[in-house]
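Listed below, chain by chain, are the residues.
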Amino acid sequence: FYLYPPLLAQLLGPLTSADPTTARLVWCASNYLAVWVGILCIARILASSWWGALPSLHRIALVAFFVFCFEPLYVGIGDGQVSAIVLALLSLCALGALTGRDWLVGSAIAIAMYVKITPILLLAAPLAFSRWRAVAWFSAVAVALGCLSLTLPGGVAAIADFAGSA
């Protein structure tokens, strides 16, 4: 049982009235953009390991090969799952932690939580390591996105439906 907060569906709502080909194109393009964000973040994270001996473009190409060969990801994209979007956000979170950008850590966790609820578990790390700026950024972005969700079509009813499904 997966819990998907309504924000992503609300943002994609206008696509329901679009031509199905256009809707698929927008969804696929968004997912492939998300995959590339994840690839670039992972390649940057790996630069601080022995992978850093590779030139940047080689490292990116190798990470891209492994990510695109990861069957659950490409099958999930084909099935319309949010895996690529969550991967991008979690990669941004990890990159933020590596580079000391608490704003990126907190923001990425909050956005990921609004795509799929389980990434909220990542908030345990900033709490455990007393990264209060990351927690503050998480809180601010989560409240802002919650307010946005209230103002979008479905608003209160969509959030109440989500809360009732938990």
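In an α-helix there are 3.6 residues to a turn, and that puts residues three or four apart on one side. Over its 17 residues, helix α5 (residues 83-99) extends 24 Å from the first C-alpha to the last, a length consistent with the 24 Å expected when each residue adds 1.5 Å. Restricting attention to buried positions, one finds in α5 the residues Ala-84, Ile-85, Val-86, Ala-88, Leu-89, Ser-91, Cys-93, Leu-95 and Gly-96. Contacts from the buried residues of α5 go to α1 (7-12), α2 (20-46), α4 (71-78) and α6 (102-115). Downstream of α5 by one or two residues, Gly-100 has phi in the positive range, about 75°.

Attention now goes to the packing of α2 against helix α3 (residues 56-68). The contact between α2 and α3 brings their axes to 9 Å, and the two run at 130°. Our classification of the angle between α2 and α3 gives oblique. Crossing handedness for the pair α2 and α3: right-handed. Counting all contacts with α2, which are made through Tyr-32, Val-35, Trp-36, Ile-39, Leu-40, Ile-42, Ala-43 and Leu-46, the residues of α3 involved are Arg-59, Ile-60, Val-63, Ala-64, Val-67 and Phe-68. Residue composition of the contact of α2 with α3, by class: 13 nonpolar, no polar and one charged.

What follows deals with the confidence of the model for the protein chain. With 98% of its residues at a pLDDT of 70 or more, the protein chain has an overall mean of 89. Mean pLDDT across the elements of the protein chain ranges from a minimum in helix α9 (residues 155-165), with 74, to a maximum in helix α7 (residues 124-128), with 97.

What follows deals with unusual backbone geometry. Negative phi characterises most residues that are not glycine, and trans characterises most peptide bonds. Look at Ser-130: it is not a glycine, yet its phi comes out positive at around 55°. Relative to the elements of secondary structure, Ser-130 occurs in the loop between α7 and α8 (132-151).

Turning to the nonpolar core, a few remarks are in order. One finds Val-35, Ile-39, Ile-85 and Val-115 to be the most contacted residues of the largest nonpolar core, which totals 21 residues. Put simply, the parts of the chain that give this core at least two residues each are α2, α3, α4, α5 and α6. Core analysis: the second largest hydrophobic core is formed by 16 residues, Ile-109, Met-113, Ala-134 and Leu-145 among them.

On the surface, a nonpolar cluster with roughly 370 Å² of combined accessible area is contributed by Tyr-32, Trp-36, Leu-40 and Phe-68. A total of three residues in the nonpolar patch trace back to one element, the largest contributor, which is α2. Tracing the sequence through the fold places Leu-40 in helix α2. Since its relative accessible area comes to 45%, Leu-40 is described here as partly exposed.

Attention now moves to the packing of α2 against α5. Interhelical geometry of α2 versus α5 gives an angle of 25° and a closest axis separation of 8 Å. Classified by the angle between their axes, α2 and α5 sit roughly parallel to one another. Between α2 and α5 the crossing geometry is left-handed. Counted together, Trp-27, Asn-31, Ala-34, Val-35, Val-37, Gly-38, Cys-41, Ile-42, Arg-44 and Ile-45 of α2 and Ala-84, Ile-85, Leu-87, Ala-88, Ser-91, Leu-92, Ala-94, Leu-95, Leu-98 and Thr-99 of α5 form the full contact between these two elements.

Criteria and thresholds
Residues numbered from 1 in each chain as written. Predicted model: local features only at pLDDT ≥ 70, side-chain atom pairs only at ≥ 80, totals over all residues. Heavy atoms only, no water. Helix = DSSP H or I, 4+ residues; strand = E, 2+ residues; numbered from the N terminus. Expected span 1.5 Å × (residues − 1). Buried < 20%, exposed > 50% of the residue type's maximum accessible area, 1.4 Å probe, protein only. Contact = heavy atoms within 4.5 Å. Axes fitted to C-alpha atoms, helices over the stretch in contact; angles between N-to-C directions. Parallel < 35°, antiparallel > 145°, perpendicular 65-115°, else oblique. Left-handed = near helix turned anticlockwise from the far one by under 90°. Nonpolar A, V, L, I, M, F, W, Y, C, P; charged D, E, K, R; others polar. pLDDT = per-residue confidence, 0-100. Core = buried A, V, L, I, M, F, W, Y, C linked by side-chain atoms within 4.5 Å. Patch = residues over 30% accessible without salt bridge, like charges linked within 9 Å, V, L, I, M, F, W, Y side chains within 5 Å. Areas by Shrake-Rupley, 256 points an atom, 1.4 Å probe, with all protein chains shown as cover. Salt bridge = Lys/Arg side-chain N within 4 Å of Asp/Glu carboxyl O.

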